[in-house]
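Below are the chains, spelled out letter by letter.
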Amino acid sequence: MKQRNLTQGSILRNIINFSLPYMLAYLLQIVYGLADLFVIGLYCNVESTTAVANGAQVMYFVTVVIIGLAMGTTVCTAHAIGANDRDRKALVVGNTLTLFALLSIVLTAVLLLLVPSIVGWMLVPSEAVADTHRYLRVCFSGIPFIVAYNVIASIFRGMGDTRTPLQFVAVACVVNVVLDFLFIGTLHLGAMGAALATTLSQAVSVVYALQVVRRHREAFGIERSHFRLQREVVRGMGKIGVPIALQDAFIQISFIVIAVIANNRGLDDAAAVGIVEKFIGLLFIIPSAMLSTVSAISAQCIGAGLRQRARQTMYAAIAITFSFGLLWSIMLQFNSEWPVRFFTDNAHVVQLGGEYLRSYVWDCALAGIHFCFSGFFTACGYSIVSFAHNVVSIVTARVPLSYLFSVSYPLTLYPMGWAAPIGSAISVVICVVAYRALRRRFAPLTS
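All of these numbers come straight from a predicted model, not from anything done at the bench. (Residues numbered from 1 in each chain as written. Predicted model: local features only at pLDDT ≥ 70, side-chain atom pairs only at ≥ 80, totals over all residues. Heavy atoms only, no water.)

Caption draft 1: Representation of the overall build of the protein within the structure. Assigned secondary structure in the protein consists of 18 helices and 0 strands. Scaling as 2.2 N^0.38, a compact globule of 447 residues should have a C-alpha radius of gyration of about 22 Å, and the protein matches this with 22 Å. In terms of overall dimensions, the protein has a C-alpha envelope of 60 × 50 × 35 Å along the principal axes. Expressed as a percentage of contacts within the protein between residues at least 6 apart in sequence, the contacts between residues at least 24 apart total 82%. On the protein, roughly 19,200 Å² of surface is accessible, and the fraction owed to carbon and sulfur atoms is 67%. Computed over 30 positive and 19 negative side-chain charges, the separation of the two mean positions in the protein equals 16 Å. (Helix = DSSP H or I, 4+ residues; strand = E, 2+ residues; numbered from the N terminus. Rg over C-alpha atoms; globule rule 2.2 N^0.38 Å. Contact = heavy atoms within 4.5 Å. Areas by Shrake-Rupley, 256 points an atom, 1.4 Å probe, with all protein chains shown as cover. Lys, Arg positive; Asp, Glu negative; His and termini not counted. Charge placed at Lys NZ, Arg CZ, Asp CG, Glu CD.)

So this is what it looks like as C-alpha cells:
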C-alpha cells in the first residue's frame, strides 16, 4: 500500500492512474451483483430468482447510502494529506472507525426489525415473500462487513490509493462466485444460499483488508486517542457525507419509481427499461469513477492550497467524461438495438429498448459534466450543492417527465428516454450557476 501525493505531476496522469483501478473495481462490483442472479436462475425456480432480485435491490440501496456517508472520510482524509497534517489524518481515520462501528451495530438491529415491513413496502409477490425474508435477514446480519469494507476502501482512496480497494473487490467477487455454486448448486439452499455467499464473501474481503491495514499500519499513524470521537471531526465528515448519502438514497428511490412507471406499461416495456438501465449502468462507470477521482484529487489540492490545480482537475475530468458520453451517444443513434439483443431475443422488447436507449444515452454526456462538478463541490466541502441539484433534477424532470411521456406516448419509449438527459441538463445549469456563485462568495476555496 502506498500513500500517493496527487498534488504534483501531470493532472491527466493522476486522473488516469487514480480512476482506472476504480473503474475496474466498479465493473467487478457489477459482476459481483449479477453473479447471484445468474446462479440462482441456473438452479432455482422463479420464486427464488424474484426473492434475490428484490433483496439485492434493497441491499444496493443500503450500500450506496453507506458509500455516500463514507465519502466524508475520503475527502477529509485527502484534505489532511494535502496539508501534510499526519495527526489530522490519524484523527479522521480513528474517528471514522469508531463512528461507523457504532453505526453498523445500530443499522443491523434496525434493518433486522424492519424486514417484514420492507418486504411489504416492495410489494413482493406472495410466492417469493418467504425467500425474500430469509435473504434479507442473512444479508442484514452481514451489515457490519459491508460497512467495514466500504469504510476501509474510502480511507485508502482518500490517501490516493485506488489499487488496494480493487484487491478487496476482486477477493469478494471470486469468493462470492465460488460460494454461489456451492450453496445454491451443490447444497440447494436457494435464495438463502445466495445471501450466505454474499455475506461470507464480504467477510472474507474484510479480513483480507484488515490484514493489509495491519501490514501498513505505520502509514495510518493511529493511536488509541485517535479513536475517541471528536465533535469537530465528526461534524466535518458529516457535512460532506450526509448530503451525499441522502442524494444517493433519493436517486435510488427515483429509479424505483421510474421502474414502477415502466411496469404499468406492460411486461415488454418493463423488460426493455430494465435492460437499458443495466447497459447504461456500464456506460456510467466512467462518470462515476470521475466523480470520485475529482473528489479525491481536488481535495488533496485544496488541502495543499492549490486551488487552481483543483479546478484544472475538474476541467480535465469534464473533458474526458463528456467526450466519452458524446461518442457513445452519436454511435448509438445509428444502431441502438444491439446492446438490448445481448439480453433478450424478443423482437418487441429489442425494438422498445432501442427506442429508449437512443434518447436515454445522451444522459451519459450531460451527466458526466455534473458528476465532475459534484466531485469538485464535495472536495470543497459543499456536497450540499450536489444534493440540491440532484433533488431539483429528479423532482422537476426525471420522474414527472418519465410519467408524462409514458402516458402521452403509450406505443413508444423514445420520448420517455429523454427525461433523464433533460434532468441532467437542469443539473448542469445549476452546477454552473453554483460554481460561479461559490467563486465569488468563497474565493479562498475556489480561486
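There's plenty left to go through after this.
Caption draft 2: Representation of the nonpolar core in the model. Formed by 76 residues in total, the largest nonpolar core has its most connected members in Ile280, Met314, Tyr356, Phe373, Phe376, Phe377 and Met416. No other element matches the 11 residues that helix α10 (residues 285–303) contributes to this core. If near-sequence neighbours (up to four positions away) are discounted, Tyr356 is found in contact with Ile258, Val273, Val276, Glu277, Leu413, Tyr414, Met416 and Gly417. Core analysis: the next-biggest nonpolar cluster, separate from the first, contains 32 residues, Ala51, Leu136, Phe140 and Ile155 among them. (Core = buried A, V, L, I, M, F, W, Y, C linked by side-chain atoms within 4.5 Å. Buried < 20%, exposed > 50% of the residue type's maximum accessible area, 1.4 Å probe, protein only.)

Caption draft 3: Expanded view of helix α6 (residues 163–186). The first and last C-alpha atoms of α6 sit 34 Å apart over 24 residues, in line with the 34 Å expected at 1.5 Å per residue. One or two residues past the end of α6 sits His188, with phi positive at roughly 55°. (Expected span 1.5 Å × (residues − 1).)

Caption draft 4: Fine view of the packing of aromatic side chains. Summed over all chains, the structure comprises 13 aromatic pairs. The structure contains a cluster of three or more aromatic residues connected by ring pairs, namely Tyr149, Phe156, Phe168 and Tyr208. (Phe/Tyr/Trp six-rings, centres within 6.5 Å; stacked < 30°, edge-to-face > 60°.)

Caption draft 5: Main features of the packing of helix α3 (residues 86–121) against helix α5 (residues 143–158). The N-to-C vectors of α3 and α5 enclose an angle of 155°; their axes lie 9 Å apart at closest approach. By the angle between their axes, α3 is roughly antiparallel relative to α5. Between α3 and α5 lies a crossing whose hand is right-handed. Contact with α3, carried on its side by Val93, Thr96, Leu97, Phe100, Ser104, Leu107, Thr108 and Leu111, involves Ile143, Pro144, Val147, Val151 and Ile155 of α5 and no other residues of that element. Here the contact of α3 with α5 is built from residues that sort into 10 nonpolar, 3 polar and no charged. (Axes fitted to C-alpha atoms, helices over the stretch in contact; angles between N-to-C directions. Parallel < 35°, antiparallel > 145°, perpendicular 65-115°, else oblique. Left-handed = near helix turned anticlockwise from the far one by under 90°. Nonpolar A, V, L, I, M, F, W, Y, C, P; charged D, E, K, R; others polar.)

Caption draft 6: Fine view of the environment of Ala109. Locating Ala109 in the fold gives a position in helix α3. The spacing of Ala109 and Thr186 is 77 residues in sequence and 31 Å in space, taken between C-alpha atoms.

Caption draft 7: Region of interest: the environment of Pro410. Structurally, Pro410 is set in the loop between α15 (383–408) and α16 (414–417). Take Pro410: its relative accessible area is 55%, and that puts it in the exposed class. C-alpha of Pro410 to C-alpha of Arg265: the two residues are 145 residues apart in sequence and 7.4 Å apart in space.

Caption draft 8: Inspection of empty space enclosed by the protein at higher detail. As enumerated under the stated definition, the model contains 1 cavity of 30 Å³ or more in all. Volume-wise, the largest cavity comes out at about 70 Å³. Lining the largest cavity are Phe255, Ile258, Glu277, Tyr356, Tyr360, Arg398, Ser402, Met416, Gly417, Ala419 and Ala420. Listed by contribution, the elements that provide at least two residues to the lining of the largest cavity are α8 (231–265), α13 (347–360), α15, α16 and α17 (419–441). (1 Å grid on protein atoms, 1.4 Å probe; cavity = no way out; pocket = protein on both sides within 12 Å on 5 of 7 lines; lining within 4 Å. Points joined across faces, edges and corners; volume = space filled by probe spheres on them.)

Caption draft 9: Local environment of the layout of surface pockets. Roughly 390 Å³ of internal volume is contained in the second largest pocket. The set of elements that each furnish at least two residues to the lining of the second largest pocket consists of α3, α5 and α7 (190–215). Partitioning the lining of the second largest pocket into residue classes produces 17 nonpolar, 1 polar and 2 charged.

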